[in-house]
Protein chains: 2
Amino acid sequence: MAVKKPTIKDVARLAGVSFKSVSRVVNNEAWVSDEVRTKVQAVIEQLNYQPNRTARLMRTAPFSLAFVYDNPNSHYVIEMQNGILTECREKGFELVIHPTDSASDQVRHELTSMIGTNLVGGVILTPPLSESTTLVQQLLEQQAKVVRIVSGAEPPDELCPTIYVDDEAAGQAITEHLLDQGHRHIAFLGYHKDHKSSLGRYRGYCAALHHAGFAVEDELVISGHFTFDSGVQMTEQLLQQSNKVTALFGCNDEIAAGALYAARKRQLAVPEDLSIVGFENSPFSRQTWPGLTTVHQPNAEIAARAAAMLISLMLEPEQTPKHCGFKLQLVLRDSVSPI
Amino acid sequence: MAVKKPTIKDVARLAGVSFKSVSRVVNNEAWVSDEVRTKVQAVIEQLNYQPNRTARLMRTAPFSLAFVYDNPNSHYVIEMQNGILTECREKGFELVIHPTDSASDQVRHELTSMIGTNLVGGVILTPPLSESTTLVQQLLEQQAKVVRIVSGAEPPDELCPTIYVDDEAAGQAITEHLLDQGHRHIAFLGYHKDHKSSLGRYRGYCAALHHAGFAVEDELVISGHFTFDSGVQMTEQLLQQSNKVTALFGCNDEIAAGALYAARKRQLAVPEDLSIVGFENSPFSRQTWPGLTTVHQPNAEIAARAAAMLISLMLEPEQTPKHCGFKLQLVLRDSVSPI
DNA sequence: CTGAAAGCGCTAACAA
DNA sequence: TTGTTAGCGCTTTCAG
C-alpha cells in the first residue's frame, strides 16, 4: 500500500520541536542546540525522512545544470559527461543532458526555456554553440549562469567564464613532429571553415610548415567533417589527386581512423607507406593497428573544470571564477615513421 | 539589472482575469472561453511568461526520469541515452543521468534518494543493476516506476515491465554461421559467470555446437571482461594455449576488436588465418579492418522502448505496459572466411 | 537558540 | 465558464 512520504512536519511532530528546527538541522544551520539536533537526527533516521527537493527548489536556486552539446562523437560526449558528473556528485548537483542541433533555430528556444522554467540554474556550452555570442548574451540576460568551452589561445571576450583549448599550438606541435620525421608533403584532412577547432588546428599546421620554410599545398588540404566516413572519403580523394603525400594529419581521431581504413583498402602500409596522425586521443586511437599518434585532449578534465566553474558561479555569484586555458600534449604511438 | 521573471499572477493581472484562468490556458484545460484564451495567450506572449516547473512539480508527479547504468562502453551508453532522449523530448520529459558503480552498496542509497527526494518519478535500469530483484522491489516500495532491461528469452518475473533481449538465440545464430563456414574449433572470449548477457551468448554458443554434434572445448572458452584490453589479453592467452582454433567469438565488439589487434600483432591475417566475430554492432565494428561480422543490437531502439514504457507507466498508471522482447539479427561483414 | 507566520508559483477543489 | 480558497513542503522573515 502506498505509504505517504514523511514530511518535515512529521519529523517535527515526532521530535517534539517546531518544523523550523528540523529545517535548521537538515540544512546544517548554526544556532541549533545539540540536544535538538540529536533528537531531530534520530527521528529523521527513524522515519527515513528525505527532504523534498522540489519544495526546496521553490525557495532556492536550482541545484542542477545542463550540459548542452551538438556532437556526433560518442567518446567526446561520454568523457565530457563523466567529467561533469564527477564534479556534480561532489557538490550534490544534478545533471540534465541536452543534446541539440545547433543548426536549428530551436536551440535558443530550448535553452531559454530550460532556464526560464527554472529547470536548471546554469549551462555548460560546447562548440559550436559556445561560439555564438548572441546565444550567450541571451542566456545571460535571463540570469542564467553560463560557462563555455571554446577553441582558442585565449578567451574571445569577457562575457562569461570560459575554458579555452589551444588547438593551434597543438596542431603546430604535431605537424612539427611530422616534419621532424622528414615528411615534406603533409596532408590536412578535415578542414572546415565554420569549425573553430578545425581552423585552429589548421592554423597550427600552416604555422609549422611556414616556420620550416615550406608552403601550404592547397591540394593537400581537404575539407570534410569530423567523422570516420568523412575520413575515408577525404583520404580516397586525397590519394587520387596526389601521389607525393607521405603523411596525413587527420583533424580528429575519427578522421584518422577513416584514413587508416582507406589506406589499408588501397594496400598501403601504415606507417611504412603513409604516416597518419590524429587529434583528441580518444580511446580507440590506441585500439587501431597501428596505434595512432595523436594529441591528448583531456575531455573529462576540461569538463570537470567547466562544471566546477559553473557550480562556483551558482553558489558564490560574487566571485567570478577566472577563465582557464588548456595546453595539449602529443601522444606518440606507431602510426608515424621517419621517411 | 535582474528583472524578475513574470509569474502566473502577473499574466492574470495584465489580462484582467483570475490567475486560475491563466493556469487553465497554460494547461490546455477545457472550459475556457475563446475570448479569455486568446487574451491570456497574448499576454503570455507579450511577457514571455514561462511557467515555473518547480512550482508545478509540487502539485504533480515529477516529469523526469533517470537512466541508471554501470557500463564502460561509451557507445552503448550514448546510444541508449539518445534513444531515451528521443522519447523524452516527444513527451516533454527530462532526463537525469546516473552512472554508478553497481559493485558498491551505495547504489541502493543513491537510487532511493533520487526517488525519495522527488527528483525523478521513475528509473530505467540496465544490467547488472536490472538483474537485482531486491533492488527493483525496494524501488517499487518507494512508489517509483521502474522499467528494466535484461538479457533473456523472456522476462524473469512480473515485478515490473521488462525489456528482454534474447542473447542466447543470437549467440547460437552467430556460432552456427561460423560452423556453416566450416569452422570446427571456435573459441568463446568473454565468458563471465556473473554477467547475464555473457552467459546467454555462451549458452547459444554451446547449443550451436551441440546441435552440430560437437563438444565444447574448455580450453577454447576464455573468461574476461567486455573491454578491448581484455580482448587483447584473452586472445593472447588463447593463442598460446591452442593452435587449432580457426575462429573466435568475441562476446562483444570491443573484445573482438581487441582480438583483431592481438591477431595482427602476431602477424595473423584476419580472416584468412583467423575468423573473428563480435556482438553488438557498435559503430566501430564497421570501422575496423576488416569490418567485423557481428550481431546487431539496436540499443537506441531498445532504450526508446524502455523510455516509452516508463513514461506511459508514469502517465497512465492504470494500464501497465506489456513486456517487450527483442530478437537480434546477424550482420555479415568481412572478418569471417570459410575454412 | 527557537518558533510562528508568511509566502514561493502553482494546481485542485469547490463555489459562484 | 470563471473565480476563490486552500495548500503542496519547504525556506525566510521576524518575533520571541
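About the cut-offs
- Residues numbered from 1 in each chain as written.
- Chains lettered and ligands numbered in written order.
- Predicted model: local features only at pLDDT ≥ 70, side-chain atom pairs only at ≥ 80, totals over all residues.
- Heavy atoms only, no water.
- Buried < 20%, exposed > 50% of the residue type's maximum accessible area, 1.4 Å probe, protein only.
- Helix = DSSP H or I, 4+ residues; strand = E, 2+ residues; numbered from the N terminus.
- Pairing = 2+ DSSP bridges.
- Contact = heavy atoms within 4.5 Å.
- Buried area = accessible area lost by both parts, 1.4 Å probe.
- Salt bridge = Lys/Arg side-chain N within 4 Å of Asp/Glu carboxyl O.
- Polar contact = N/O pair within 3.5 Å; in protein donor to acceptor, adjacent residues only side chain to side chain.
- Near = heavy atom within 4 Å.
- Nonpolar A, V, L, I, M, F, W, Y, C, P; charged D, E, K, R; others polar.
- Least-squares fit on C-alpha atoms with pLDDT ≥ 70 in both.
- Core = buried A, V, L, I, M, F, W, Y, C linked by side-chain atoms within 4.5 Å.
- Axes fitted to C-alpha atoms, helices over the stretch in contact; angles between N-to-C directions.
- Domains from an automatic or database assignment.
- Phe/Tyr/Trp six-rings, centres within 6.5 Å; stacked < 30°, edge-to-face > 60°.

Enquirer: Kindly report on the pairing of strand 5 (residues 162–165) of chain A, identifying the contributing residues and their values.
Expert: Residue and element names in this part refer to chain A. Both faces of strand 5 are covered, namely the face carrying Thr-162 and Tyr-164 and the face carrying Ile-163 and Val-165. Relative to strand 11 (residues 324–326), strand 5 is paired through 3 bridges, and the arrangement is parallel. Across the sheet, residue Val-165 finds its bridge partner in strand 11, namely Phe-326.

Enquirer: Lay out unusual backbone geometry in plain terms, naming residues and giving numbers.
Expert: For residues besides glycine, phi is generally negative; the peptide bonds are generally trans as well. The peptide bond linking Val-270 of chain A to Pro-271 of chain A adopts the cis configuration, its omega dihedral lying at 10°. Mapped onto the fold, Pro-271 of chain A is located in the loop between helix 11 (253–265) and strand 9 (275–277). The phi dihedral of Asn-48 of chain B falls on the positive side, at around 55°, and the residue is not glycine. Tracing the backbone through its elements, the reader meets Asn-48 of chain B in the loop between helix 3 (34–47) and helix 4 (53–59). Exposure remark for Asn-48 of chain B: the relative accessible area of 52% places this residue in the exposed category.

Enquirer: So what about the interface of chain A and chain B? Which residues, and what values?
Expert: At the junction of the two partners, chain A supplies 46 residues and chain B supplies 47 residues. Between chain A and chain B, roughly 4,300 Å² of surface is buried when both sides are summed, and carbon and sulfur atoms account for 53% of that area. Interface area lost by chain A to chain B is led by Gln-50, Thr-54 and Trp-289 of chain A, which between them contribute 15%. Scanning the region where chain A abuts chain B turns up 2 salt bridges. Of the charged contacts, one joins Asp-229 of chain A and Arg-286 of chain B as a salt bridge, the two residues approaching to 3.2 Å between their closest N and O atoms. Taken together, chain A and chain B are joined by 9 residue pairs in polar contact (both at pLDDT 80 or more).

Enquirer: An account of the protein's contact with DNA strand C is needed here, citing residue identities and associated values.
Expert: Near DNA strand C, the surroundings consist of 25 residues, among which Ser-21, Arg-24 and Arg-59 of chain A together with Ile-8 and Tyr-49 of chain B are the closest. Between DNA strand C and Arg-59 of chain A, the relevant distance is 2.3 Å, taken from a base nitrogen to a side-chain nitrogen or oxygen of the residue. In this structure, Ile-8 of chain B approaches DNA strand C through a main-chain N or O atom, which is 2.5 Å from a phosphate oxygen. Residue assignment for the surface near DNA strand C shows that the elements contributing at least two residues are helix 2 (19–26) and helix 4 (53–59) of chain A together with helix 2 (19–26) and helix 4 of chain B. At 4 residues, the largest contribution of residues to the surface near DNA strand C is made by helix 2 of chain A. Class assignment of the residues belonging to the surface near DNA strand C gives a composition of 11 nonpolar, 7 polar and 7 charged.

Enquirer: A description of the relation of the copies chain A and chain B should follow, citing residues and the corresponding values.
Expert: At an RMSD of 0.1 Å, chain A and chain B line up after a rotation of 180° and a shift of 0.0 Å along the axis. The transformation relating the two chain copies, once decomposed into turn and shift, fits a two-fold axis.

Enquirer: How would you sum up the pattern of salt bridges? Please name residues and give values.
Expert: Residues and elements named next belong to chain B. Within this structure, the stated rule accounts for 26 salt bridges over all chains. The residue Arg-13 makes a salt bridge to Asp-10 at a minimum N-O spacing of 3.4 Å. You can see Arg-13 and its partner Asp-10 sitting in helix 1 (residues 8–15), 3 residues apart, about one turn around the helix. Put simply, Lys-193 and Asp-194 hold a salt bridge, and the shortest N to O gap is 3.3 Å.

Enquirer: Go over the protein's contact with DNA strand D, please, and point to the residues and values.
Expert: With respect to spatial proximity, 25 residues lie near DNA strand D, and among them Ile-8, Lys-20 and Tyr-49 of chain A together with Ser-33 and Arg-59 of chain B are the closest. Among the atoms of DNA strand D lying within 4 Å of the protein, the sugar-phosphate backbone contributes 57%. Take Asn-27 of chain A: an N or O atom from its side chain is 2.9 Å from a phosphate oxygen of DNA strand D. The separation between a phosphate oxygen of DNA strand D and a polar main-chain atom of Ser-18 of chain B is 3.1 Å. Every element with two or more residues in the surface near DNA strand D is listed here: helix 2 and helix 4 of chain A together with helix 2 and helix 4 of chain B. Ranked by residue count, the leading element in the surface near DNA strand D is helix 2 of chain B, at 4 residues. Here the residues of the surface near DNA strand D sort into 11 nonpolar, 7 polar and 7 charged.

Enquirer: Can you lay out the nonpolar core for me, pointing to particular residues and giving the numbers?
Expert: Counting 137 residues, the largest nonpolar core has Tyr-205 of chain A together with Tyr-205 of chain B as the members making the most contacts within it. Beyond its immediate chain neighbours, meaning those up to four positions away, Tyr-205 of chain A contacts Gly-171, Gln-172, Thr-175, Ile-186, Ala-187, Phe-188, Val-216, Leu-220, Val-221 and Phe-249 of chain A.

Enquirer: Give a detailed account of the sheet that holds strand 9 (residues 275–277) of chain B, specifying residues and quantitative values.
Expert: All names here are of chain B. Taking strand neighbours across the sheet as the criterion, the 4 strands line up as 7-6-8-9 in an open arrangement whose pairing is parallel. Each edge of the open sheet carries a strand with a single partner, namely strand 7 (221–223) and strand 9. The mean inter-strand angle of the sheet, taken between neighbouring strand axes irrespective of direction, is 20°. One ladder, built from 3 bridges, connects strand 8 (residues 247–250) with strand 9; its direction is parallel. Residue pairing in the sheet places Phe-249 in a bridge with Val-277 of strand 9. On top of the sheet, helix 11 (residues 253–265) reaches strand 6 (186–191), strand 8 and strand 9; it is set at about 160° to strand 9, its chief contact.

Enquirer: Before we move on, could you go through the domain arrangement of chain A and cite the residues and values that matter?
Expert: Splitting chain A by domain gives domain 1 (8–58), domain 2 (64–166 + 299–328) and domain 3 (167–297). Placing the centre of domain 1 of chain A and that of domain 2 of chain A at their C-alpha centroids yields a distance of 35 Å.

Enquirer: Quick one: what's the story with the packing of aromatic side chains, residue by residue and with numbers?
Expert: Taken as a whole and assessed by the stated rule, the structure comprises 22 aromatic pairs over all chains. For the ring pair Phe-67 of chain A and Tyr-69 of chain A, a centre distance of 5.0 Å and an interplane angle of 35° mean the geometry is tilted. As far as burial versus exposure is concerned, Phe-67 of chain A and Tyr-69 of chain A are alike and both buried. On the numbers, 4.8 Å between centres and 70° between planes, the contact of Tyr-191 of chain B with Tyr-202 of chain B is edge-to-face. A residue pair is termed long-range when its members are at least 10 positions apart, and Tyr-191 of chain B in strand 6 and Tyr-202 of chain B in helix 9 (residues 196–211) qualify at 11 residues. Judged by its relative accessible area of 23%, Tyr-191 of chain B is partly exposed.

Enquirer: Residue-level account of the sheet that holds strand 7 (residues 221–223) of chain A, with values.
Expert: All names here are of chain A. Spatially, the 4 strands line up as an open sheet ordered 7-6-8-9, and their pairing is parallel. The open sheet has two edge strands, strand 7 and strand 9, and neither has a second partner. For this sheet, the mean inter-axis angle between neighbouring strands, taken without regard to orientation, is 20°. The sheet contacts of helix 11 involve strand 6 (186–191), strand 8 (247–250) and strand 9, and relative to strand 9 the element is tilted by about 160°.

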